[in-house]
Amino acid sequence: MSQADGMHINPQRAKQLADNIGHVTRKITAANKAGRNIRLIAVSKLKPATDILALHQPPASHSHFGENYSQELHEKAAILPRSIKWHFIGALQTNKCKALTEQIPNLFCVSSVDAVKKANALEKGRAALAEKDQNAERLGRLRVLVQVNTSGEESKSGVEPDNTTALCKHIREECPHLQLAGLMTIGAIARSQATTADVENEDFIALRQTRDKLAKELGMKEEELELSMGMSSDFEGAIQHGSDEVRVGTTIFGERPSKEDAKAKASAEKAEA
């Protein structure tokens, strides 16, 4: 019996989560006028593994989950089913890249690559995993998104739009175990909060323009490079701007506790178990 088999899921909580993600999915469908395939990442940072398992099981049967902290992702991936497709979407430390890609076989994508050193470390980890994993061919290349700082804020991670091509070329030419899947941005909070069907988001426009320019410079089709933009407050507007992937957390899981409170709760639950 796996550790996930022994987890207790509160039926009322499971129903609420299923209802919430169903509501988000319907909103995505309504905003998706072009009928494209939109990937929904349920951002589960600081939420218990039981919440993730509840959504991964029927009736929701959701597969894509996003985590912001490497240690938390390691802990959850170790006890939850391998059928989950993990996305690392947080600020990425170079010294944690290799372990992340080497130790989590079902890591689907790293969405916050903003430096050559980080790409190289991810490449080393994925290469090491492929060497020791008997199912290396089935694993395929690890998807990565280059994070672009579209808002120009010093507090935001990401490469400047004009420096995007150089990093993307490096990934394509020097990292054979990685797949350049597209670009990601977080953008300015104020612009996010102001985004509506009638108010355009400058960060979304900037990312799309950066992608279109990148595709020409790399000799790729625009649709070969996905756009990952949009969160709980603005995902509908992001889809209207051409986003292929949205990251939704609080709308699905509710407000998050502080990191300290989440750790304390997790420790208490382990002690009770």
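Source: prediction; values computed, not measured.

A.B. asks: Even after reading the chapter, I still don't get helix α3 (residues 70-79), so can you show me in this structure?
C.D. replies: Given 3.6 residues per turn, any residue in an α-helix points the same way as the ones three and four places further on. Along α3, the positions that sit buried rather than exposed are S70, E72, L73, H74, K76 and A77. The inward-facing, buried residues of α3 contact α2 (49-56), β2 (64-67), β3 (85-88), α4 (94-103) and β4 (107-113).

A.B. asks: How should I be thinking about the packing of aromatic side chains in this particular structure?
C.D. replies: The description of two aromatic rings rests on the distance between their centres and on the angle between their planes. Applying the stated criterion to the full structure yields one aromatic pair. Consider the rings of F65 and W86, whose centres lie 6.4 Å apart with planes at 55 degrees: the pair is tilted. With F65 in strand β2 and W86 in strand β3, the pair connects residues that are 21 residues apart, well separated along the chain. Classification of F65 by relative accessible area gives buried; the value is 0%.

A.B. asks: I would appreciate a short explanation of the pattern of salt bridges in the present structure.
C.D. replies: Side chains that differ in sign of charge can pair as their charged atoms come close. Following the criterion strictly, the structure yields twelve salt bridges and no others. Residue K15 is joined to D19 by a salt bridge in which the shortest nitrogen-to-oxygen separation is 2.9 Å. One end of the pair, K15, and the other, D19, are both in helix α1 (residues 11-31), four residues apart, so they sit about a helical turn from each other. Relative accessible area serves as the criterion here: at 38%, D19 is assigned to the partly exposed category. In this structure, R39 and E226 form a salt bridge, with 3.0 Å as the shortest nitrogen-oxygen distance.

A.B. asks: I'm lost on unusual backbone geometry in this one. Help?
C.D. replies: Glycine aside, residues mostly have negative phi, and peptide bonds are mostly found in the trans state. The omega angle of the peptide bond from P58 to P59 is 10 degrees, so this bond is cis rather than trans. Tracing the chain through its elements places P59 in the loop between α2 and β2. In the Ramachandran plot, L46 falls in the positive-phi region, its phi being about 65 degrees despite a non-glycine side chain. Relative to the helices and strands, L46 resides in the loop between β1 (39-43) and α2. Relative accessible area serves as the criterion here: at 13%, L46 is assigned to the buried category. Here the phi dihedral of S61 falls at roughly 50 degrees; this positive angle occurs in a residue that is not glycine. With respect to the element layout, S61 can be found in the loop between α2 and β2. Take S61: its relative accessible area is 40%, and that puts it in the partly exposed class.

A.B. asks: I'm lost on the side chain of K45 in this one. Help?
C.D. replies: Within the secondary structure, K45 is located in the loop between β1 and α2. There is no salt bridge for the buried K45, and the closest opposite charge comes from E72, which lies 8.3 Å off by N-O distance. Sequence-distant contacts of K45, that is, excluding residues within four places in its chain, are made with G66, E67, N68, Y69, E72, K76 and R256.

A.B. asks: Can you walk me through the environment of Y69 in this structure?
C.D. replies: Relative to the elements of secondary structure, Y69 occurs in the loop between β2 and α3. Along the sequence, Y69 and L92 sit 23 residues apart, while their C-alpha atoms lie 8.5 Å from each other.

A.B. asks: Could you clarify how one ought to interpret the packing of α4 against helix α5 (residues 116-132) in this entry?
C.D. replies: At their nearest, the axes of α4 and α5 sit 7 Å apart, and the two run at 25 degrees to each other. The orientation of α4 relative to α5 falls into the category roughly parallel. Note on packing geometry: the crossing formed by α4 with α5 is right-handed. Two secondary-structure elements touch here, α4 through T94, C97, K98, T101 and E102 and α5 through K117, K118, A121, L122, K124, G125, R126, A128, L129 and K132. The class makeup of the residues in the contact of α4 with α5 is five nonpolar, three polar and seven charged.

About the cut-offs
Residues numbered from 1 in each chain as written. Predicted model: local features only at pLDDT ≥ 70, side-chain atom pairs only at ≥ 80, totals over all residues. Heavy atoms only, no water. Buried < 20%, exposed > 50% of the residue type's maximum accessible area, 1.4 Å probe, protein only. Helix = DSSP H or I, 4+ residues; strand = E, 2+ residues; numbered from the N terminus. Contact = heavy atoms within 4.5 Å. Phe/Tyr/Trp six-rings, centres within 6.5 Å; stacked < 30°, edge-to-face > 60°. Salt bridge = Lys/Arg side-chain N within 4 Å of Asp/Glu carboxyl O. Lys, Arg positive; Asp, Glu negative; His and termini not counted. Axes fitted to C-alpha atoms, helices over the stretch in contact; angles between N-to-C directions. Parallel < 35°, antiparallel > 145°, perpendicular 65-115°, else oblique. Left-handed = near helix turned anticlockwise from the far one by under 90°. Nonpolar A, V, L, I, M, F, W, Y, C, P; charged D, E, K, R; others polar.

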